[in-house]
Amino acid sequence: MTVNGKSVSGTIEGRTLLADFLRTDLRLTGTHIGCDTSQCGACLVHVNGMAVKSCTMFAVEADGAEVVTIEGMANTDGSLGVIQQAFQDHHGLQCGFCTPGMVMSAAALLKENPKPTEAEVREYLEGNICRCTGYHNIVKAILAASGQDVVLAAE
Amino acid sequence: MYAFDIERPRTIAEAVAALASDEAQALGGGQTLIPTLKQRLASPETLISLTGISEMQGVCLSDRGELCVGGATTHAEVARMAAKSFPGLSGLAGHIGDPAVRNRGTVGGSLANNDPSACYPAAALGTGATIKTDRREIAADDYFQGMFATDLQEGEIITEVRFPIPEVSNYQKFLQPASRFALVGVFVAKYPDGVRVAVTGASEDGVFRWTEAERALSASFEPASLEGLSVPADGMIGDIHGTPEYRAHLIGVMTRRAVAAAS
């Protein structure tokens, strides 16, 4: 498979999850395993351009696929990508554990829907859980990354 | 996770041959099966992944007015492809789980598992769909046989599902927010020869048709036709999320909403 533009290969067992292959074999530990039951979305990566939970897909099923992880989201010069920078600017993370999944989810959303409404952002994030409950600023960051104003009503 | 082998056949014929082994189990998108394996609730020796079979993917229109969906087509793909031709089905597919789950989960996997709270069984039964397998065609009315039970035989694969496209339809789901399954979901479809109403999430016997509502709506397709009709709480699921009486009540509410929203 290709991961973040680089061709990678490995010999793995059938039971190896994509998340484990990324983290253990490739040492790309930005992809987090939170719940391991496909609820929390911390392990979210893109496979052939689509958001998937890498804890709920076997690595062999991504054989030949193009995978993008959080490590592939920075600019080529190493500076933060637009979405990552927006998370920093709008305090879209507290402990940071869910952030890789949130950023990957946001990237998938903005590719599908470049100018989402606040409601659309919240709906799209229904499979990403933030235990710090910092959703408000995450939504703000994603709206900012889409180039829109970020005046949100307090909840 | 325990050790097992995984095979990725490229054709239906290869998959059927691989599934002939006793200890083999078909793997669709894995959004239910992989968590099940992690919990050791199933432990097949070999998984036969169906996601690499191109002849089981995609959506098309038949000349008989059916939407034909390949068994390995994801929910996200159905939501996109059916948006214009069959908005009721598109809306159902587009609200299963969450976006990442919809990019993996498949219609064949959902119907083969027949979770009593899954959305797709309501669409299949509510449209009178035909479930095409590697060896035969099964009418939806014969296919569902109770909680997690279907007419499928050992090793039989759902290769395609044909949904007759209704004049108007809608699916209303009362979300169980933790699982994102239906606490109660109702699919309503109006055809020239009558209305079908299928209910998921509510009954201990899995998806079922609410025939009394079908008769009333066939006479007059409006929410008011349902006034005075109710489903008995007997046999409804009772758990921490809702009593049998609560679920029975929700069936009426969701059906009225579905009729009002049908397009």
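Residues numbered from 1 in each chain as written. Chains lettered and ligands numbered in written order. Predicted model: local features only at pLDDT ≥ 70, side-chain atom pairs only at ≥ 80, totals over all residues.

**Some words on the overall build of chain A**
We apply this condition: Strands here mean DSSP runs of E at least two residues long; helices mean DSSP runs of H or I at least four residues long; both are numbered from the N terminus. Based on C-alpha atoms, the radius of gyration is set beside the globule rule, defined as 2.2 Å times the residue count to the power 0.38. Counting other C-beta atoms within 10 Å of its own, a residue is labelled buried from 20 upward, exposed at 12 or fewer, and partly exposed in the gap between, with every C-beta atom placed from the backbone. Contact between residues is assigned whenever the C-beta positions, reconstructed from backbone atoms, fall within 7 Å.
When its secondary structure is counted, chain A shows five helices and five strands. Overall, chain A shows an N-to-C arrangement of helices and strands of β-β-α-β-β-β-α-α-α-α. A compact globule built from 155 residues should have a C-alpha radius of gyration of about 15 Å, and chain A, at 15 Å, falls within 12% of that. In chain A, which comprises 155 residues, the proportion classed as buried is 46%. In chain A, of all internal contacts separated by at least 6 residues, the share reaching a separation of at least 24 is 59%.

**Here we look at the domain arrangement of chain A**
All names here are of chain A. Rules: Boundaries of every domain are those given by an automatic assignment or by a domain database. Gly falls in the polar group here, along with every residue not listed as nonpolar (Ala, Val, Leu, Ile, Met, Phe, Trp, Tyr, Cys, Pro) or charged (Asp, Glu, Lys, Arg).
The domains assigned to chain A are domain 1 (2-72) and domain 2 (82-145). Tallying the contact residues gives 14 residues for domain 1 and eleven residues for domain 2. Looking at which element gives the most residues to the side of domain 1 that touches domain 2, the answer is strand 3 (residues 44-47), with three residues. Class assignment of the residues belonging to the side of domain 1 that touches domain 2 gives a composition of seven nonpolar, seven polar and no charged.

**Re the sheet that holds strand 1 (residues 5-7) of chain B**
All names here are of chain B. To keep it simple, the criterion reads: DSSP bridges decide pairing: two strands pair if at least two such bridges lie between them. Axis angles are defined between N-to-C directions and span 0 to 180 degrees, where every axis is a line fitted to C-alpha atoms and, for a helix, only to the segment in contact.
On the basis of which strands lie adjacent, the open sheet formed by three strands has the order 1-3-2 and parallel pairing. Pairing within the sheet leaves two strands with one partner each, and these edge strands are strand 1 and strand 2 (24-27). The mean inter-strand angle of the sheet, taken between neighbouring strand axes irrespective of direction, is 25°.

**Considerations on the sheet that holds strand 9 (residues 168-175) of chain B**
Residues and elements named next belong to chain B. The four strands lie next to each other as 9-10-11-12, forming an open sheet whose pairing is antiparallel. Single-partner strands in this sheet number two, and they are strand 9 and strand 12 (208-209). As paired elements, strand 11 (residues 194-200) and strand 12 share two bridges and run antiparallel to each other. Each residue of the ladder has a partner; that of Val-199, found in strand 12, is Phe-208. Packed onto the sheet, helix 7 (residues 120-127) meets strand 9, strand 10 (182-191), strand 11 and strand 12 and runs at close to 160° relative to strand 11. The strands that helix 10 (residues 244-261) touches are strand 9, strand 10 and strand 11; relative to strand 10, the one it contacts most, it runs at about 40°.

**Some details on the packing of helix 2 (residues 82-89) of chain A against helix 5 (residues 135-145) of chain A**
All names here are of chain A. What counts, and what does not: Convention used here: angles under 35 degrees read as roughly parallel, angles over 145 as roughly antiparallel, angles from 65 to 115 as roughly perpendicular, and any remaining angle as oblique. For a crossing to be left-handed, the near helix must be turned anticlockwise from the far one by less than a right angle; the clockwise case is right-handed.
Viewed as axis vectors pointing N to C, helix 2 and helix 5 meet at an angle of 135°, and their least axial separation amounts to 8 Å. Taken together, the axes of helix 2 and helix 5 are oblique relative to one another. Every pair of crossing elements has a handedness; the one defined by helix 2 and helix 5 is right-handed. Only Ala-141, Ala-144 and Ala-145 of helix 5 make contact with helix 2, whose side of the interface consists of Val-82, Ile-83, Ala-86, Phe-87 and Asp-89.

**Description of the interface of chain B and chain A**
Contact residues are listed per partner, giving 21 residues for chain B and 21 residues for chain A. Class assignment of the residues belonging to the side of chain B that touches chain A gives a composition of ten nonpolar, six polar and five charged.

**Side note on unusual backbone geometry**
One non-glycine residue, Thr133(A), lies in the positive phi region at around 55°. Relative to the assigned elements, Thr133(A) resides in the loop between helix 4 (118-124) and helix 5. Overall, the presence of 9 C-beta atoms within 10 Å leaves Thr133(A) in the exposed class. Of note in this structure, Arg180(B) is not a glycine but carries a positive phi near 65°. Here Arg180(B) lies in the loop between strand 9 and strand 10.

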